[in-house]
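Per-entry structural report
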Amino acid sequence: MLLDGGDIFQGTMISNLQYGRPVVEQMNALGYAAAAVGNHEFDWGVDTLVARVREMRFAALGANMVERRTGRVPRWARADTTVRRRGLNVGIVGLAYPNTPSVTLATHVAHLRFDDDSTTAANVAARLRNAGASVVVGVGHIPSETDSMRRARGDLLRLASAPGVDAWFGGHSHNVVNDRVEGRPVLIAGAQGQYLAIADLVVDPIARRVVESQQRIDLVYADVPVDSAWTARVERWNSGVAPIAATVIGDAAVALHRRRPESTVGNLICDAMRADVGADIAMQNPGGMRADLDAGPVTRGDVYAMMPFDNTIVVLELTGELVKLALEQSLAGDRITQVGGLRYEFDPARTALERIVTITLADGSALDPARTYRVAVNNFMATGGDRYDALTKASKREDTGRLIRTAMESWVRERCAGGRSFEGRGDGRIRSLGRGD
């Protein structure tokens, strides 16, 4: 979440280095009523999460998140909450992502079970209505995707068919979704506080049912005077973070960019991941790279700007055939996967999933379709994010828990030891044979 309306890395560092305290304080100030527990809430372990929940003046929801020992929702969370709005009782059911164990450090949630979200939602919604709720809203850390016609598909759309819920708000996939299922709003408000997802529901108070609904996604902007109280809060949060952000870790001989087809920021990320875990190959989705890098001193804040997400390195065992398929799947979505340990050429004019013309290992030897390779990717890609379905077919997978930022910092420090600068020029590892890339 963007905390200060300024640089993304600053907001990320403010949160990460203070274990989420500023985010909770912000949400309290904004008057949140409830929030679904997401996978990143477990980043620092359950003890830290429980401490943050105790600071919340709103409900932390996870109806399908139960303790293996008791079969109940943990004492620090709730399945639902009810608020009073416009004279009506509004029930809110909250869901955790059923695949949470595969997108967070497994040891942090080993004591929890994440049950089927659809069945749980239907059961909780029925209970809320029996308790007098005129409206039931669902909030879930549940992803969705959209096609070229902006039609949604995936987990949130499946969940929206559960009976008894009048509107659904999802997340996790970081995209914008504005759709309807059986006349009910289904929305995701993107990421980083850029949008608001709004559903207006007209309710018959006697029949206690929604008779009309409208929805929209609003881009967040404001041309208003600066809020002095808010500014003071951000300055207080930032006082301990700014010196860390300014820490110099090395020097870049040339500027790094995110241009297509070969991004030198992508090269840095992939080479750092590959070196960190000793992988044969590394891959990075272009959407995860959020800033270029100027030539000159490199700070920890610069690393946060390039990689603002708390993604960890996942090591997959993949056949060469699946590695190639993952690259093809990205190209089919007009995304060019950045790589380390590989070189490839592609023709964007070719048929989807047949666009790669040549593909070799970094030493020039052929990528063997039948051989198994150790492939380093981020945890978002490893779970099929950005439609990397091929990566979900790995014969083995290990989430190292190692932040990509940490690997990047180590890579820069090593190459700049003794006052040296690192060279970040492209080496031709990715080439487009068509125009426009």
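Anyway, here's the lowdown on the structure attached to this text. (Residues numbered from 1 in each chain as written. Predicted model: local features only at pLDDT ≥ 70, side-chain atom pairs only at ≥ 80, totals over all residues. Heavy atoms only, no water.)

The next point concerns the overall build of the chain. For the chain, the helix and strand inventory stands at 13 helices and 24 strands. The C-alpha radius of gyration of the chain comes to 23 Å, within 12% of the 22 Å expected for a compact globule of 437 residues. Judged by the C-alpha coordinates and their principal axes, the chain covers about 70 × 50 × 50 Å. By residue count, 50% of the 437 residues in the chain fall in the buried class. Here the contacts in the chain between residues at least 6 apart in sequence split such that 70% fall between residues at least 24 apart. When the accessible area of the chain is evaluated, it comes to approximately 20400 Å², of which 48% is carbon and sulfur surface. Charge-centre separation for the chain: the mean point of 52 positive side chains lies 4 Å from the mean point of 52 negative side chains. (Helix = DSSP H or I, 4+ residues; strand = E, 2+ residues; numbered from the N terminus. Rg over C-alpha atoms; globule rule 2.2 N^0.38 Å. Buried < 20%, exposed > 50% of the residue type's maximum accessible area, 1.4 Å probe, protein only. Contact = heavy atoms within 4.5 Å. Areas by Shrake-Rupley, 256 points an atom, 1.4 Å probe, with all protein chains shown as cover. Lys, Arg positive; Asp, Glu negative; His and termini not counted. Charge placed at Lys NZ, Arg CZ, Asp CG, Glu CD.)

Looking now at the sheet that holds strand S5 (residues 88-95). Strand order in this open sheet of 6 strands is S4-S5-S7-S10-S12-S11, and the pairing throughout is mixed. Strands with a single pairing partner mark the edges of an open sheet, and in this sheet they are strand S4 (80-85) and strand S11 (176-181). On average, each strand axis in the sheet is tilted by 20° relative to the strand beside it, whichever way the strands run. Of the strand pairs in this sheet, S4 and S5 are connected by 6 bridges, and their pairing is antiparallel. Paired with Asp-80 across the bridge in S5 is Val-93. (Pairing = 2+ DSSP bridges. Axes fitted to C-alpha atoms, helices over the stretch in contact; angles between N-to-C directions.)

This brings us to the pattern of salt bridges. Applying the stated criterion to the full structure yields 21 salt bridges. A salt bridge links Glu-409 to Arg-300; the nearest nitrogen and oxygen atoms lie 2.9 Å apart. Of the two residues, Glu-409 is situated in helix H13 (residues 404-415) and Arg-300 in helix H10 (residues 300-306); the sequence distance between them amounts to 109 residues. A salt bridge links Arg-431 to Glu-345, with the nearest nitrogen and oxygen atoms 2.5 Å apart. Of this pair, Arg-431 sits in strand S24 (residues 430-432) while Glu-345 sits in strand S20 (residues 342-346), and the two are 86 residues apart along the sequence. Note on Arg-431: relative accessible area 43%, which makes it partly exposed. Taking relative accessible area as the criterion, Glu-345 reaches 17% and is therefore assigned buried. Each member of the salt-bridge network shares a partner with another, and the members are Glu-25, Arg-233 and Arg-236. (Salt bridge = Lys/Arg side-chain N within 4 Å of Asp/Glu carboxyl O.)

Mapped onto the secondary structure, Val-50 falls in helix H3 (residues 46-55). Val-50 sits in the buried class, given a relative accessible area of 14%. A sequence separation of 26 residues divides Val-50 from Trp-76, and the C-alpha atoms of the two residues are 6.2 Å apart.

Strand order across the open sheet formed by 3 strands is S21-S20-S24, with mixed pairing between neighbours. With partners counted over all chains shown, the strands left at the sheet margins are strand S21 (356-361) and S24, one partner each. The sheet shows a mean angle of 5° between the axes of neighbouring strands, direction not considered. Alignment of S20 against S24, held across 3 bridges, turns out to be parallel. The partner of Glu-345 across the bridge, within S24, is Arg-431. Packing against the sheet, helix H11 (residues 320-332) makes contact with S20 and S21, and its axis sits at approximately 135° to S21.

This next bit is on the nonpolar core. Core analysis: the biggest nonpolar cluster contains 29 residues, and Ile-281, Met-283, Leu-342, Tyr-344, Val-377 and Leu-391 have the highest contact counts within it. With 5 residues, H11 is the single largest residue contributor to this core. Setting aside residues no more than four positions away along its own chain, Val-377 makes contact with Met-273, Met-283, Thr-312, Ile-313, Val-314, Leu-316, Ala-382 and Leu-391. Counting 28 residues, the second-largest nonpolar core is a separate cluster that includes Leu-256, Leu-293, Val-412 and Phe-422. (Core = buried A, V, L, I, M, F, W, Y, C linked by side-chain atoms within 4.5 Å.)

Scanning all chains against the criterion turns up 7 aromatic pairs. Centre to centre, the rings of Trp-230 and Trp-237 are 5.8 Å apart; their planes meet at 85°, and the pair counts as edge-to-face. You can call Trp-230 partly exposed: its relative accessible area is 22%. In textbook terms, an aromatic cluster arises when at least three aromatic residues are bridged by ring pairs, as seen for Phe-42, Trp-76 and Phe-114. Just above the ring of Tyr-304 sits the side chain of Arg-405; from NZ or CZ to the centre is 3.9 Å. (Phe/Tyr/Trp six-rings, centres within 6.5 Å; stacked < 30°, edge-to-face > 60°. Lys NZ or Arg CZ within 6 Å of the ring centre and 35° of its normal.)

Checked against the element boundaries, Ile-14 lands in helix H1 (residues 8-16). Along the sequence, Ile-14 and Met-56 sit 42 residues apart, while their C-alpha atoms lie 18 Å from each other.

Attention shifts here to the side chain of Asn-39. Relative to the helices and strands, Asn-39 is located in the loop between strand S1 (34-36) and H3. Given a relative accessible area of 1%, Asn-39 falls into the buried group. Side-chain polar atoms of Asn-39 contact the side chain of His-172, separated by 3.1 Å. (Polar contact = N/O pair within 3.5 Å; in protein donor to acceptor, adjacent residues only side chain to side chain.)

We now examine the packing of helix H2 (residues 21-30) against helix H7 (residues 228-238). One way to put it is that H2 packs onto H7 with a least axis distance of 11 Å and a crossing angle of 170°. As summarised for this structure, H2 and H7 are arranged roughly antiparallel, according to the angle between their axes. Residues Pro-22, Glu-25, Gln-26 and Ala-29 of H2 lie in contact with H7, whose contacting residues are Trp-230, Arg-233, Arg-236 and Trp-237. Partitioned by chemical class, the residues of the contact of H2 with H7 number 4 nonpolar, 1 polar and 3 charged. (Parallel < 35°, antiparallel > 145°, perpendicular 65-115°, else oblique. Nonpolar A, V, L, I, M, F, W, Y, C, P; charged D, E, K, R; others polar.)

Looking now at the state of the cysteines. In this structure the tally under the stated criterion is 0 disulfides. Take Cys-270: it sits in no disulfide, and the sulfur closest to it among the cysteines is that of Cys-416, at 19 Å. Given a relative accessible area of 9%, Cys-416 falls into the buried group. (Disulfide = S-S within 2.5 Å.)

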